[in-house]
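Listed here are the chains, written in short residue letters.
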Amino acid sequence: MYWTLELATYLEDAPWPATKDELLDYAQRSGCPLEVIENLQELEEESEIYETIEDVWPDYPQKDDFLWNEDEY
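Read on for an overview of the structure. (Residues numbered from 1 in each chain as written. Predicted model: local features only at pLDDT ≥ 70, side-chain atom pairs only at ≥ 80, totals over all residues. Heavy atoms only, no water.)

1. Describing the nonpolar core
Rules: In these notes, a set of buried Ala, Val, Leu, Ile, Met, Phe, Trp, Tyr and Cys residues joined through side-chain atoms within 4.5 Å is what counts as a nonpolar core. Exposed residues in this analysis have more than 50% of their type's maximum accessible area, buried residues have under 20%, and partly exposed residues fall in between, with area computed by a 1.4 Å probe over protein chains only. Under the scheme used here, helices are H or I runs from DSSP no shorter than 4 residues and strands are E runs no shorter than 2 residues, and both carry numbers assigned from the N terminus. Here, two residues are considered to be in contact whenever any of their heavy atoms come within 4.5 Å of each other.
Counting residues in each nonpolar core, the largest one holds 20 residues, and the members touching the most others are W3, L11, L23, V36, L40 and V56. Mapped by element, the contributors of at least two residues to this core are α1 (5–9), α2 (20–29), α3 (34–41) and α4 (53–56). At 4 residues, α2 tops the list of elements feeding residues into this core. With residues near it in sequence (within four places) discarded, L23 still touches A14, W16, A18, L40, Y50 and V56.

2. Brief notes about the pattern of salt bridges
Note the cut-off: Salt bridges are counted wherever a side-chain nitrogen of Lys or Arg sits within 4 Å of a carboxyl oxygen of Asp or Glu.
Applying the stated criterion to the full structure yields 1 salt bridge. A salt bridge links D25 to R29; its shortest N-O distance comes to 2.9 Å. Separated by 4 residues within a single helix, D25 and R29 lie in helix α2, roughly one turn from each other. Look at R29 and you get exposed, because its relative accessible area is 60%.

3. Quick look at the side chain of T19
As for its position among the elements, T19 is in the loop between α1 and α2. Of the residues examined, T19 reaches a relative accessible area of 17% and is grouped as buried. The residues touching T19, leaving out its near neighbours within four places in the chain, are E46, E48, I49 and Y50.

4. Brief notes about unusual backbone geometry
The peptide bond linking W16 to P17 adopts the cis configuration, its omega dihedral lying at -10°. Relative to the assigned elements, P17 resides in the loop between α1 and α2.

5. Remarks on α2
Where we set the bar: Think of the arc as the fan of directions from the helix axis to the C-beta atoms.
Listed in full, the buried residues belonging to α2 are K20, L23, L24, Y26 and A27. All buried residues of α2 fall inside an arc of 160° around its axis, so they share one side. Where α2 is buried, its residues contact α3 and α4. Looking one or two places after α2, you find G31, whose phi comes out positive at around 75°.

Below, the structure is given as structure tokens:
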């Protein structure tokens, strides 16, 4: 399973919290790339509730991870 920022953005509007099946259904209905669907299929826990994208991809970059300071501009 591999995630990129581009792939993860397809799940930003997903119906959080969600189960693996709900995320797969959302990805298929919204026309996500095949890589997103394959990554979701590789999730191990069928019944686990995922609260946010960080539960699916722990390395998902947060706004604080970037050095850009919007307040300066």
